Amino acid sequence: MGRPSEAAGMEALHQLKSTEPPQWLAPSASLSESARAASQHLFASLRPHVRKSPFDELLVDNFDAEQIWQQIDLLTQPLVRSIRRRVKHWEKNPAEIENLLPEVADGGKKVAQGKKMEEIDDDDDDDGGDMDMDDDDDDDDEEMDVDNDGEQDGGKDEGDESEEEEEEKSGGIEDKFLKIKELQEHLEDEEARHYGLDAKNKKSKKKSGSKKLEDEDDDSEEGEEDKEEDDDEDEEVDLFAGGDDEDEEDEMGNARYEDFFGKKKGGSEPKPRFKDELGEDSSSGEEEKEEELSSDDDDDEEEDDDENVNKKPKVLSTHEKEVQKIKSEIEKMEKANLDPKTWTMQGEVTAANRPKNSALEVDLDFEHNVRPVPVITEEVTQSLEEIIKKRIIEGQFDDIKRAPGLPSKAPRELKPVDENKSNKGLAEVYEEEFVQQTDPAAAPLSFSDEQKKEASTLFKKLCLKLDALSHFHFAPKPIIEDMSIQSNVPALAMEEIAPVAVSDAAMLAPEEVFSGKGNVKAEVELTQTERKRRRAKKKRKFKAVETKKMASKKAREDELRKQKEAAGNGEEQ
Amino acid sequence: MSDGKVQFRKVSVPPHRYTPLKKAWMEIYTPVYEQMKIDIRMNLKARKVELKTRVDTPDISNLQKCADFVHAFMMGFDVIDAVALLRMDELYVDSFEIKDVKTLKGEHKSRAIGRLSGKGGKTKFSIENATKTRIVLADEKIHILGSFRNIKIARDALCSLILGAPPGKVNSKLRQVTARSAELF
């Protein structure tokens, strides 16, 4: 870990300063290296001023940003304190500054002193600013993540330089006694002591960016609302940080005798007054803090920024504030209750009890018992007409239909009255009636039954005919066993109705055609013996028939002869 | 035989029923003599049918029944219809005249009679069949043979006809009535 030379350190600083802001967005090794070198250089330059410090030099190799920062912190905290004390001391005794700078020439002493003082002041301010910045940044880094320590230092350097330029332009009012910048800072420090971090915030806000987190964190123990209010106002104000500066400078320019020495009364009031004015200008809502002007300054001197919370004993605590709020609300409500109510809240209000035309302004809600008159527009009439047309086309009129009565009993069978002379005698009529009453089963069929029977037979006949028309789903006739001659004719000839399909199957089944028994063989299949047998059989048959014939013939002839003989005999005798 | 005496009934025969009586004598005689056990004879001179109880007549009411039977025949009913009187107790004969219903003269009366019978007698027959009665229209007189309720229905129908109701209306009413009466049983 070789300690780099001062030149290298300065070079590193210059390099940091010269880098473009966008380059800081991405982490780069070279920038980190140079930052570390710069920090080391600065650390080394500060080290001699600190009496006791654990580190002789800043250890950067392979150290985390956090660790480096902690080292710087350890070094700078006591240093800051001591420097601040010294600055205050010099503020009170400006003569001692001259002693610090022995190399100042006598001729241009005043100017040089002035300039030097300016420079010193600037340096001091810068250092103070740096230290302040460091302190502030220390606080910041508790929340904010900063990768490179050197970035902020570089940034601060730039900011300081810009401010130096600004300050030199301030105007011709300043002389060795009245340095406006000095005055400003003094006053701000005073404010900071009395009011907390606000002044310092402003200062730092001018240079860097936001200090909101810091403020909120520090003031968490105090009334947060206060701080937030103040922060808001400070933020509001700090948005116009540059403008504020100029305003204050203008006011400084317009400073009058009365401001410093009062209206020929005394000189004890200028500061408070000035502070009042500043207080009003800078933060309008800080009325509470005017109460604290009389508070002790000594208490606040040794406090760090972190402990500003305890500086305001007169500010109300949260609970007290809440109680106040509630009280005010209660008062309001009580007042409202005591006052006479508005006419809308009273019960029944006649026209005389309320202002003229007041009912028009109020949204009254009441029940309308009447249906609102329908506004007849073209669309309404059209829709109606369409409905009418549709209904007419459909024939759907909402006619009342007679509700069908429940059929409690079977409908009477209305037999038509016979207009012919009845065949039965009266006695038989009554006889039938009597029988029907006593024994319904045995009663002869009534007229309706006969009709039913007739109807059923007719229907059966009809069904039969219809079935015949559907050919292959033919339901055959009911089997009435009677003889019918079936001739062996193809089916085509039998069907009369135009058939969809024709079958040429013979009417008779093969077994009906066949007349014979046994195992019938075809002509070609017969063997010799079978043929012989067949022939022999045939011959026998033939012979039998022949003999029969002969016999019968003979018998006849014999008879004839006998008759003839008989006849002849008869004639002879 | 109620008190040991022989009882008589005499039924006069109107001239227009003389020949029919002759023709249907046996049919009349047989049930009266055989089943009712009543002696019956025709007195030609007096032109009356005489009825007399016998010794073995079971009930004196038989005589009355036979008398009614013969009387019904004389009114104009057929023997077959009149025999119902012998067989059933609850049958009655009701007679009334047209002039009882409405005073009609001349052609109106003729028309009324025509209305009553209808074309070919169909109105009369329809009433007969619907109400299970037998009706005899004898010019002015109307006789109805049947049970009491049926007689009433028939009489109402006939009266409405006499009064001038069209036959169709009478028919429809008859139908309703008969259907209702049929439901009752």
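These numbers were taken from a predicted model, which means no experiment stands behind them.

Novice: Help me get a handle on the overall build of chain A, residues and values and all.
Specialist: Broken down by element type, chain A carries 21 helices and 0 strands. Counting over 573 residues, chain A shows a buried share of 25%. For chain A, the accessible area works out to roughly 43,700 Å², and carbon and sulfur atoms hold 53% of it.

Novice: Break down helix 3 (residues 60-75) of chain B for me, citing the residues and quoting the values.
Specialist: Residue and element names in this part refer to chain B. Here helix 3 contains 16 residues, and its C-alpha end-to-end distance of 23 Å stays within 8% of the 22 Å for a straight helix at 1.5 Å per residue. Buried within helix 3 are the following residues: Asn 62, Leu 63, Cys 66, Ala 67, Phe 69, Val 70, Ala 72, Phe 73, Met 74 and Met 75. With its phi angle positive at about 135 degrees, Gly 76 sits one or two positions after the end of helix 3.

Novice: Break down the sheet that holds strand 3 (residues 48-53) of chain B for me, with residues and values.
Specialist: Residue and element names in this part refer to chain B. Read across the sheet, 3 strands follow the order 1-3-2 without closing on themselves; strand pairing throughout is antiparallel. Of all strands in the sheet, those bounded by a partner on one side alone are strand 1 (8-12) and strand 2 (38-43). Across the sheet, the mean angle separating the axes of adjacent strands is 20 degrees when strand polarity is ignored. In this structure, strand 1 lies alongside strand 3, joined through 5 bridges in antiparallel fashion. For Val 11, the partnering residue across the bridge sits in strand 3 and is Val 49.

Novice: Any details on the side chain of B:Thr133? Residues and values, ideally.
Specialist: Along the chain, the position of B:Thr133 falls in the loop between helix 7 (122-131) and strand 5 (134-138). Within polar-contact distance, the side chain of B:Thr133 engages the side chain of B:Thr131 at 2.7 Å. Setting aside anything within four residues of it in sequence, one finds B:Thr133 in contact with A:Leu426, B:Ile127, B:Glu128, B:Ile144, B:Leu145, B:Gly146, B:Asn150, B:Ile151 and B:Ala154.

Novice: How would you explain the nonpolar core if you had to name every residue and give the values?
Specialist: Counting 34 residues, the largest nonpolar core has B:Ile28, B:Leu51, B:Phe69, B:Val70 and B:Met74 as the members making the most contacts within it. Looking at this core, the elements that each hand over two or more residues are helix 18 (426-438) of chain A together with helix 1 (18-23), helix 2 (25-36), strand 2, strand 3, helix 3 and helix 4 (79-87) of chain B. Sort the elements by how many residues they give to this core and helix 3 of chain B lands first, with 9 residues. The residues touching B:Leu51, leaving out its near neighbours within four places in the chain, are B:Gln7, B:Phe8, B:Arg9, B:Val32, B:Ile38, B:Asp39, B:Ile40, B:Leu63, B:Cys66, B:Ala67 and B:Val70. In this structure, B:Leu116, B:Leu158, B:Ala165 and B:Leu174 belong to the second largest nonpolar core, which totals 21 residues.

Novice: Help me get a handle on the confidence of the model for chain A, residues and values and all.
Specialist: Residue and element names in this part refer to chain A. On average, residues of chain A score 72 in pLDDT, and 59% of them are at 70 or above. pLDDT under 50 marks residues 105-109. Its contacts with residues more than four places away, or in other chains, come to 4 contacts. Here residues 205-238 is a poorly scored stretch, pLDDT under 50, and it has 65 contacts once near neighbours within four places are set aside; other chains count.

Novice: I'd like a rundown of the packing of aromatic side chains, residues and numbers included.
Specialist: Residue and element names in this part refer to chain B. Tallying each qualifying case throughout the model produces 2 aromatic pairs over all chains. Both rings, one in Tyr 29 and one in Tyr 33, keep their centres 5.2 Å apart while their planes meet at 10 degrees; by these two values the pair is stacked. Of this pair, Tyr 29 and Tyr 33 both sit in helix 2, 4 residues apart, which is roughly one turn of the helix. Classification of Tyr 29 as partly exposed rests on a relative accessible area of 22%. Grouping aromatic residues by their ring pairs yields a cluster made of Trp 25, Tyr 29 and Tyr 33.

Novice: Quick one: what's the story with the interface of chain B and chain A, residue by residue and with numbers?
Specialist: Counting residues at the interface gives 25 residues for chain B, matched by 19 residues for chain A. Carbon and sulfur atoms make up 60% of the surface buried where chain B meets chain A, a total of about 1,900 Å² over both sides. Viewed at the interface, chain A and chain B are joined by 3 salt bridges. Taken together, the connections running from chain B to chain A amount to 9 residue pairs in polar contact (both at pLDDT 80 or more). Put simply, the parts of the chain that give the side of chain B that touches chain A at least two residues each are helix 4, helix 7, strand 6 (141-147) and helix 9 (167-184) of chain B. Split by residue class, the side of chain B that touches chain A holds 9 nonpolar, 8 polar and 8 charged.

Novice: Break down the packing of helix 3 of chain B against helix 4 of chain B for me, with residues and values.
Specialist: Residues and elements named next belong to chain B. Remark: helix 3 packs on helix 4, axes separated minimally by 8 Å, with the N-to-C direction vectors making an angle of 160 degrees. The orientation of helix 3 with respect to helix 4, classified from their angle, is roughly antiparallel. As for the relative orientation of helix 3 and helix 4, their crossing is right-handed in sense. Across the interface between the two elements, Lys 65, Cys 66, Asp 68, Phe 69, Ala 72 and Phe 73 of helix 3 pack against Val 79, Ala 82, Val 83, Leu 85 and Leu 86 of helix 4. A class-by-class count of the residues in the contact of helix 3 with helix 4 yields 9 nonpolar, no polar and 2 charged.

Novice: Would you mind going over the pairing of strand 3 of chain B in detail, with residue names and values included?
Specialist: Residue and element names in this part refer to chain B. Across 6 bridges, strand 2 lies against strand 3 in antiparallel orientation. Note on strand 3: the bridge partner recorded for Asp 39 is Lys 52. Connecting strand 2 to the next strand, strand 3, in antiparallel fashion are 4 residues, including Arg 47 with a positive phi near 60 degrees.

Novice: Residue-level account of unusual backbone geometry, with values.
Specialist: All names here are of chain B. Positive phi is not limited to glycine here, since Arg 47 has a value of about 60 degrees. Relative to the helices and strands, Arg 47 resides in the loop between strand 2 and strand 3. You can call Arg 47 partly exposed: its relative accessible area is 40%.

Thresholds applied
Residues numbered from 1 in each chain as written. Chains lettered and ligands numbered in written order. Predicted model: local features only at pLDDT ≥ 70, side-chain atom pairs only at ≥ 80, totals over all residues. Heavy atoms only, no water. Helix = DSSP H or I, 4+ residues; strand = E, 2+ residues; numbered from the N terminus. Buried < 20%, exposed > 50% of the residue type's maximum accessible area, 1.4 Å probe, protein only. Areas by Shrake-Rupley, 256 points an atom, 1.4 Å probe, with all protein chains shown as cover. Expected span 1.5 Å × (residues − 1). Pairing = 2+ DSSP bridges. Axes fitted to C-alpha atoms, helices over the stretch in contact; angles between N-to-C directions. Polar contact = N/O pair within 3.5 Å; in protein donor to acceptor, adjacent residues only side chain to side chain. Contact = heavy atoms within 4.5 Å. Core = buried A, V, L, I, M, F, W, Y, C linked by side-chain atoms within 4.5 Å. pLDDT = per-residue confidence, 0-100. Phe/Tyr/Trp six-rings, centres within 6.5 Å; stacked < 30°, edge-to-face > 60°. Buried area = accessible area lost by both parts, 1.4 Å probe. Salt bridge = Lys/Arg side-chain N within 4 Å of Asp/Glu carboxyl O. Nonpolar A, V, L, I, M, F, W, Y, C, P; charged D, E, K, R; others polar. Parallel < 35°, antiparallel > 145°, perpendicular 65-115°, else oblique. Left-handed = near helix turned anticlockwise from the far one by under 90°.

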